[in-house]
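# Commentary on secondary and tertiary structure
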Amino acid sequence: MPNLILSGPPGTGKTTSVQCLAHALLGSSYKECVLELNASDDRGIDVVRNKIKIFAKKKTILPPGRHKIVILDEADSMTTGAQQALRRTMEIHSNTTRFALACNQSTKVIEPIQSRCAIVRFMKLSDMDILSRLMVVCKEEGVPNNPEGLEAVIFTADGDMRQALNNLQATHFGFGFVNQKNVFRVCDQPHPTMVVQIVKCCLAAGFEDAHDEMMKLCDLGYSSVDIVSTLFRIVRNHDMHEFLKLEFIREVGFCHMRVLDGCSSRLQLSGLLAKLCAIALEASK
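Presented here is a report on the structure given in the accompanying data block. Being a predicted model, the structure only gives us computed values, none of them experimental.

Bringing the pairing of strand E1 (residues 4–7) into the picture now. Of the two faces of E1, the one lined by Leu 4 and Leu 6 and the one lined by Ile 5 and Ser 7 are each fully buried. Sheet topology places E1 next to strand E5 (residues 118–121); four bridges connect them, and they run parallel. Across the sheet, Leu 4 pairs through a bridge with Ala 118, a residue of E5.

Another aspect to go through is the pattern of salt bridges. According to the stated counting rule, one finds eight salt bridges in the structure shown. Among the salt bridges present, the one from Lys 124 reaches Asp 158, with a minimum N-O distance of 3.0 Å. On the criterion of sequence distance, the pair formed by Lys 124 in the loop between E5 and helix H6 (127–141) and Asp 158 in the loop between helix H7 (147–157) and helix H8 (161–175) is long-range, its members being 34 residues apart. Here Lys 124 falls in the partly exposed class, since its relative accessible area comes to 46%. For Asp 158, a relative accessible area of 25% corresponds to the partly exposed category.

Counting buried positions along H7 gives eight out of eleven residues, so the element sits mostly inside the fold. Inspection of H7 places Gly 149, Leu 150, Ala 152, Val 153, Ile 154, Phe 155, Thr 156 and Ala 157 among the buried residues, and these make up the whole buried set. Close packing links the buried residues of H7 with H6, H8, helix H9 (180–187), helix H10 (192–203) and helix H12 (224–237). Where H7 ends, the next residue or the one after it, Asp 158, has phi of about 55°, a positive value.

Moving on, we come to the packing of aromatic side chains. Applying the stated criterion to the full structure yields one aromatic pair. Here Phe 155 and Phe 184 contribute two aromatic rings whose centre-to-centre distance is 6.3 Å and whose plane-to-plane angle is 65°, an arrangement assigned as edge-to-face. Here the residue Phe 155 occupies a position in helix H7, and Phe 184 occupies one in helix H9, the gap between them amounting to 29 residues. When sorted by exposure, Phe 155 lands in the same class as Phe 184, which is buried. In this arrangement the basic side chain of Lys 68 is found over the ring face of Phe 55, its NZ or CZ atom lying 5.5 Å from the centre.

The biggest cluster of nonpolar side chains holds 46 residues, and the ones touching the most others in it are Leu 134, Ile 198, Cys 202, Met 214, Ile 227, Leu 231 and Phe 248. Here this core gets seven residues from one element, more than from any other, and that element is helix H14 (residues 266–284). If sequence neighbours within four positions are ignored, Leu 134 has contacts with Leu 150, Val 153, Ile 154, Ala 164, Leu 165 and Leu 168. Among the nonpolar cores identified, the runner-up in size contains 22 residues, and Ile 5, Leu 35, Met 90 and Ile 110 belong to it.

Attention shifts here to helix H4 (residues 80–92). With 13 residues, H4 extends 19 Å between its outermost C-alpha atoms, agreeing within 8% with the 18 Å of an ideal straight helix rising 1.5 Å per residue. Those residues of H4 that sit buried are Ala 82, Gln 83, Ala 85, Leu 86, Thr 89 and Met 90. Projected onto a plane normal to the axis of H4, the buried residues spread over an arc of 160° and lie on a single side. The inward-facing, buried residues of H4 contact helix H3 (45–57), strand E3 (68–73), strand E4 (97–103) and helix H5 (111–115).

Another aspect to go through is the environment of Phe 232. By secondary structure assignment, the location of Phe 232 is in helix H12. In this structure the C-alpha to C-alpha distance between Phe 232 and Arg 250, which are 18 residues apart in sequence, comes to 9.6 Å. Sequence-distant contacts of Phe 232, that is, excluding residues within four places in its chain, are made with Ile 249 and Val 252.

Okay, the layout of surface pockets next. What the largest pocket holds in volume is close to 520 Å³. Surrounding the largest pocket, 25 residues form its lining, Asp 127, Glu 151, Ile 154, Phe 155 and Asn 237 being those nearest its centre. Mapped onto the lining of the largest pocket, the elements with two or more residues apiece are H6, H7, H9, H10 and H12. When residues of the lining of the largest pocket are assigned to their parent elements, the largest contribution, seven residues, is made by H7. Taken together, the residues that form the lining of the largest pocket break down as eleven nonpolar, seven polar and seven charged. Put simply, the second largest pocket is a space of about 420 Å³. Lys 124, Thr 156, Asp 158, Ser 229 and Arg 233 are, among the 24 residues lining the second largest pocket, the residues nearest its centre. Listing elements by their share of the lining of the second largest pocket, those giving two or more residues are H7, H8, H12 and helix H13 (242–260). Looking at the lining of the second largest pocket element by element, the count peaks at eight residues for H12. Its residues placed into classes, the lining of the second largest pocket shows nine nonpolar, nine polar and six charged.

A few words on a negative patch on the surface. Residues Asp 127, Asp 129, Glu 148 and Glu 151 make up a contiguous surface patch of negative charge. Elements that contribute at least two residues to the negative patch include exactly H6 and H7. Mapped onto the elements, Asp 127 comes out in helix H6.

What counts and what doesn't
- Residues numbered from 1 in each chain as written.
- Predicted model: local features only at pLDDT ≥ 70, side-chain atom pairs only at ≥ 80, totals over all residues.
- Heavy atoms only, no water.
- Buried < 20%, exposed > 50% of the residue type's maximum accessible area, 1.4 Å probe, protein only.
- Helix = DSSP H or I, 4+ residues; strand = E, 2+ residues; numbered from the N terminus.
- Pairing = 2+ DSSP bridges.
- Salt bridge = Lys/Arg side-chain N within 4 Å of Asp/Glu carboxyl O.
- Contact = heavy atoms within 4.5 Å.
- Phe/Tyr/Trp six-rings, centres within 6.5 Å; stacked < 30°, edge-to-face > 60°.
- Lys NZ or Arg CZ within 6 Å of the ring centre and 35° of its normal.
- Core = buried A, V, L, I, M, F, W, Y, C linked by side-chain atoms within 4.5 Å.
- Expected span 1.5 Å × (residues − 1).
- Arc of directions from axis to C-beta.
- 1 Å grid on protein atoms, 1.4 Å probe; cavity = no way out; pocket = protein on both sides within 12 Å on 5 of 7 lines; lining within 4 Å.
- Points joined across faces, edges and corners; volume = space filled by probe spheres on them.
- Nonpolar A, V, L, I, M, F, W, Y, C, P; charged D, E, K, R; others polar.
- Patch = residues over 30% accessible without salt bridge, like charges linked within 9 Å, V, L, I, M, F, W, Y side chains within 5 Å.
- Areas by Shrake-Rupley, 256 points an atom, 1.4 Å probe, with all protein chains shown as cover.
- Lys, Arg positive; Asp, Glu negative; His and termini not counted.
- Charge placed at Lys NZ, Arg CZ, Asp CG, Glu CD.

Scope: geometric values only; no functional claims are made or implied.
Written out as structure tokens, the structure is:
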């Protein structure tokens, strides 16, 4: 096993994959030969100098050709000083210890560490992967559901298996039945049917109607980030001309960027709708 960096979105199985690999390699020696740290909590240089260094120096009986494994979760949260100290530790103890760093963005790990590791990139899980796991869980746990409910869970999860299971569990405990209405009540996300209506109004260049629907969502208390994120997912999967879809996604992306920068007023959302209607009107000429 080389040193590893596992990067990708949350809830895609990075930490679980490393744990499975460690169990497969070390078997019954797992407890003594694996050190697990969450770097977002333990991210200072002292942790590297004390916990990790002491563990790397510790003598253990290993199966032939195996190494001790240090699993660092959220490694991109480590300070630069801690990463520099970790680089040196990786170098000195390379004969006995292997490091597995799980992070959301591998670019936040310093280059000397990146060059010493094999980088494994994880993608968001497909809807079918999440659906197959949800169906297994529902069958094993006896969770009553309907297809629309599972579809809603998949929509709210957006490729995150952990989020999907949490949403399924919360809906089951809260309402006892997993259907579309209950899922969106628990997850508190803008209902896709309302957002679809906004997209249809924009495609018809009906700014007033689209604006009324958007203000209804705002009055229900949804944040601009939630609205724009849901709008992006709806536009991405909506049946429309390819050119229009690309233009819509570009404008939604710019709006999302401005909202994340702090400009999250209703004026931004109204401006987005005006631009989408103008694009649709121009395309219809």
